[in-house]
Structure formats: C-alpha cells, structure tokens
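# Survey of secondary and tertiary structure
Given next are the chains, with one letter for each unit.
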Amino acid sequence: MTYQDTVNWMFKQLPMYQNQGKTAYKADLVNTLQFAKHLQHPENTFRSIHVAGTNGKGSTSHMLASILQEAGYKVGLYTSPHLKDFRERIKINGKEISEAFVVEFIEKQRVFFEVHSLSFFEMTVGMAFEYFSREKVDIAIVEVGMGGRLDSTNIITPVLSIITNIGLDHTQFLGHTLEAIAFEKGGIIKPNIPVVIGETQPETKNVFKELADAHHSEIHFADQQEVIEDHESDLKGDYQKKNKATVLCAIEIVRSKEFVISDEAIENGFKNTVKNTGLNGRWQILQDHPKIICDTAHNKEGLHYAMAQLLREPYKTLHMVFGVVNDKDAETILPLLPKHALYYFCRPNIPRGLDAEVLRDIFLTNGFEGNAYDSVQEALNAAKQHASKLDVIYVGGSTFVVAEII
C-alpha cells in the first residue's frame, strides 16, 4: 500500500473518536497492553513526560519538547489530533515520522490489528512508542488523547506527570462534574512519580491531592509558585501564560532527574516553539489587512480566553467563521461569543461535524446575526469578501475548522 492507502485504511477500518465520537471510545487498557506486549514493550525503553488536561496540554507538550530540544536532547513528541496529516502526531525533534515507517508498521501489524480489533488510537500509540524506541529518543513528551486513567497512553511510567487544568469537556465519557473529570485525568498519577498541576481549582485540588497521597507522589501546583517568570514566546495566545508557568514548574523537576537544561535553553525553547516543533493553530495570525486569526479553542474554558483576547483587537467590524462538532452543547458557549459580530457558520468536514444550518438556527434564536455556508473555505471566502482592511476575521470553534484553512 502507498502511504495514503495506509492512512485511509487506518481511518476507515478502525473506530476513531475524531470521526465517530462516543462509539470509538474503549473504556479499558486491555488492547493497549496486549499490543505493547506483542511489540515487546517499547514504552519501557525511553524516558517520558505524560501530559493530560482539558485545555493547554498540546501547547504545554510542544513548549516542553522545544526546551528539551534546545538543551540538546533527542525528543519524541506524541500529540493528537492532527490538523493536516496523520504524521503530525508523531515527531522527533520537530520532524514528522516518515511515511515509510507508517506504511511498514501497519503492514507488519495488520493481522494483529484485525484479530484484536484495535482502535485507531490504540494502534497509533503503539506506533509512536515503537518509533521512539527504535530511534532511541532521550525523552518523549506524551500527550493524553482523552481523559487519562483509561487512555491508551497510560501504560508509560514517566519521570513526571502533568495535568494542566480541568474543564467540562468530553463529559459523555469522563463524567459531568469537574471532580469526576479530575479523577479520570488524575489516573495518570503514578506511584512515587511527581505530578505538576497547572491550575489550582477549588473543585479539583483535593481530588489531585488525595490521588497523589495515595500514590506517594510529590504534588506541585504551578500557579502557586512564589515567583512566576514570564518568557517571550512565539505562541501568542494570552492563555499561554498559564501554560508557561506549568512548563517552568515542570522543567525544575526534570532538571532534578539528571537532565541538564540551561536558562538559555528555556528562553530559546519558548521563543522557538513553533519553529522547533511545527505547532499550528494556536492564536495564529494568517494575514493582516484584514487581520485573520485562527485558534483551536473549542470548549468553554478555551473560548473564554480566546474571546477576551479577540475583543481587545482593534477592528471596525468583527467577522466570525465558526463551526463545531455535534457532541458539543453549542448553547453553553453562546454567552462567551460576541453578539456584535457577523457570523459565517460552517460544518467541519468530519462525520461528527454539526450541520451549518442547525448551528445557524441555534445562534439566530439567541440574537446573533449570520448565514450558513456549505464548507469552511466557502465561509472564510465570504468573510474575506465582506471584510474591509480595518476588520478582523476570526476562524474557530473547532480544531477541525482550523485544520481546513491553514
């Protein structure tokens, strides 16, 4: 098979949360553990940092990878979802896994996948760990797909666990309260392994403390540090301040684990995160006059920060190219969104994208103004046609909306 044939097979044959939603979620680690055993446990051959959380785990993972690269280490990076190409999920020092490795791995393991009915995510995690092992990375930054306790990545024993924050997202899988979701994400806390919590929240603080105590794990709340320095970064979202504090706290602990990381490596790592890792879609300016900004914020907490920053932008008229997936409760995010803007509703091109007309009707019923379009690109083109040079166009609502225009 060619690379494209292989990727198409992966997407078609196997349940994948990105496309199907709830039916793709498997509530145990049986398959992952069987596959790891079949591969002779590649996850035990490299050191790692495990990163969970509702928002910020992608940015935090990429910043950590960038700093460790600047410190001279060979760094694996496993993240999800991808924006354009599957290979974005698995990188070493910012370079994507080769097409040849993907094809060879799937061909070699295909019978195992079919016999054991592995999900898309289970086999992708196995691929990443095998790749990092074979390439002999010094350390891998491993981002949780969803939750933590039952996530396929949760077979590693890292040098450090990180939980950025807790918000009400993926509630159909993880629970309907912040405490319940914290318990699921807190499932990455391992015996005698330190854990960094990015944001102290009254509802979740004790959940994490109890889990850490039960596992004899040292717990650090990044936002409670006495001095939180701010570093210049090429990730420009306001919300990155919290992520940077989490990263700095994490780096201090990693330094105590025999990793040599200079202050210069930290500074350059923050400054060159996008350049070093290829991260896209985080408060990304696509053009000026009119200014076009895209951001992957897609839940209440993420959009809160993105909208606050957007409203500080100078503009004559604000144009919002907006789409969501159908398992998001669109009405819960309406109070966060600006009513004075013109909206261009669209459906991200994945099976669980919410129909643009349905989205438009929800918004119009609540006093917003806008039209529905047949695709994300069509919606953006319409916004460009209507916008003057003094206007701002924002593209977002879903990672998959952003994926179609960058």
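What comes next is a walk through the structure. (Residues numbered from 1 in each chain as written. Predicted model: local features only at pLDDT ≥ 70, side-chain atom pairs only at ≥ 80, totals over all residues. Heavy atoms only, no water.)

## Overview of the nonpolar core
Here is the rule: Take the buried Ala, Val, Leu, Ile, Met, Phe, Trp, Tyr and Cys residues and link them wherever side-chain atoms come within 4.5 Å; each set so joined is a nonpolar core. Here's how the labels work: a residue is buried when its accessible area is under 20% of the maximum for its type, exposed when over 50%, partly exposed in between, all with a 1.4 Å probe on protein chains only. Here a strand is any run of E in DSSP of at least two residues, a helix any run of H or I of at least four, and the numbering for each starts at the N terminus. Any two residues whose heavy atoms approach within 4.5 Å are treated as being in contact.
Counting 35 residues, the largest nonpolar core has Met10, Phe113, Met127, Phe129 and Phe132 as its most contacted members. At the level of secondary structure, the elements contributing two or more residues to this core comprise α1 (3–13), α3 (30–38), β3 (90–92), α5 (99–116), α6 (120–134) and β5 (139–143). Looking at this core, the element that brings in the most residues is α6, giving 9 residues. Once residues within four sequence positions are removed from consideration, Met10 is found in contact with Phe86, Val102, Ile106, Phe120, Met123, Thr124 and Met127. Among the nonpolar cores identified, the runner-up in size contains 31 residues, and Leu64, Leu68, Leu77 and Val196 belong to it.

## Considering the packing of helix α4 (residues 57–70) against helix α10 (residues 240–255)
The condition is simple: To define axes, lines are fitted to C-alpha atoms, for helices over the stretch in contact only, and angles between the resulting N-to-C directions are given on a 0 to 180 degree scale. What sets the label is the angle itself: under 35 degrees gives roughly parallel, over 145 gives roughly antiparallel, 65 to 115 gives roughly perpendicular, and the rest give oblique. Here is the rule for handedness: rotate from the far helix to the near one, and if that takes an anticlockwise turn smaller than a right angle the crossing is left-handed, while a clockwise turn gives right-handed. Each residue gets one label: Ala, Val, Leu, Ile, Met, Phe, Trp, Tyr, Cys and Pro are nonpolar, Asp, Glu, Lys and Arg are charged, and the others, such as Gly, are polar.
Between α4 and α10, the least distance of the axes is 9 Å, while the angle of their chain directions is 45°. By the criterion of interaxial angle, the relationship of α4 to α10 is oblique. Considering the relative orientation of α4 and α10, their crossing is right-handed. Only Gln240, Asn243, Lys244, Thr246, Val247, Ala250, Ile251 and Val254 of α10 make contact with α4, whose side of the interface consists of Ser59, Thr60, Met63, Leu64, Ile67 and Leu68. Looking at the contact of α4 with α10, its residues break down into 8 nonpolar, 5 polar and 1 charged.

## Here's the deal with helix α9 (residues 205–214)
Filter applied, for reference: Read the arc as the range of directions from the helix axis to the C-beta atoms.
For α9, the complete set of buried residues consists of Val207, Phe208, Leu211 and Ala212. In a view along the axis of α9, the buried residues occupy a sector of 125°, so they form one face of it. Exposed residues pointing more than 90 degrees away from the buried face of α9 are listed as Glu210, Asp213 and Ala214. Contacts made by the buried residues of α9 are with β6 (160–163), α8 (178–185), β7 (195–197) and β8 (219–221). Of the residues trailing α9, His216 is marked for its positive phi of about 55°.

## What about the pattern of salt bridges?
What counts, and what does not: We count a salt bridge whenever a side-chain nitrogen from Lys or Arg sits within 4 Å of a carboxyl oxygen from Asp or Glu.
Summed over the entire model, instances satisfying the criterion amount to 15 salt bridges. Here Glu96 makes a salt bridge to Arg87, at a shortest N to O gap of 3.5 Å. Arg312 is the partner of Asp238 in a salt bridge, and the nearest nitrogen-oxygen pair spans 1.9 Å. One end of the pair, Asp238, is in the loop between β8 and α10; the other, Arg312, is in the loop between α13 (300–310) and β11 (318–322), and 74 residues separate them in sequence.

## So, the side chain of Ser66
Note the following rule: Polar contact is defined as a pair of N or O atoms within 3.5 Å, subject to the rule that within protein one atom must be able to donate a hydrogen and the other to accept it, and that residues adjacent in sequence are counted only when both atoms are side-chain atoms.
Of note, Ser66 is situated in helix α4. Under the relative-accessibility criterion, Ser66 is labelled buried at 0%. A polar contact of 2.9 Å, which involves the side chain of Ser66, links it to the side chain of Asn276. With residues up to four places along the chain from it excluded, the contact list for Ser66 reads Gly269, Asn272, Thr273, Asn276 and Thr277.

## Considerations on the environment of Ser262
Along the chain, Ser262 falls in the loop between α10 and α11 (263–271). Separated by 192 residues in the primary sequence, Ser262 and Glu70 have C-alpha atoms spaced 9.0 Å apart. A polar side-chain atom of Ser262 sits 3.0 Å from the main-chain amide nitrogen of Ala265.

The values reported here are purely geometric and, on their own, carry no functional implication.
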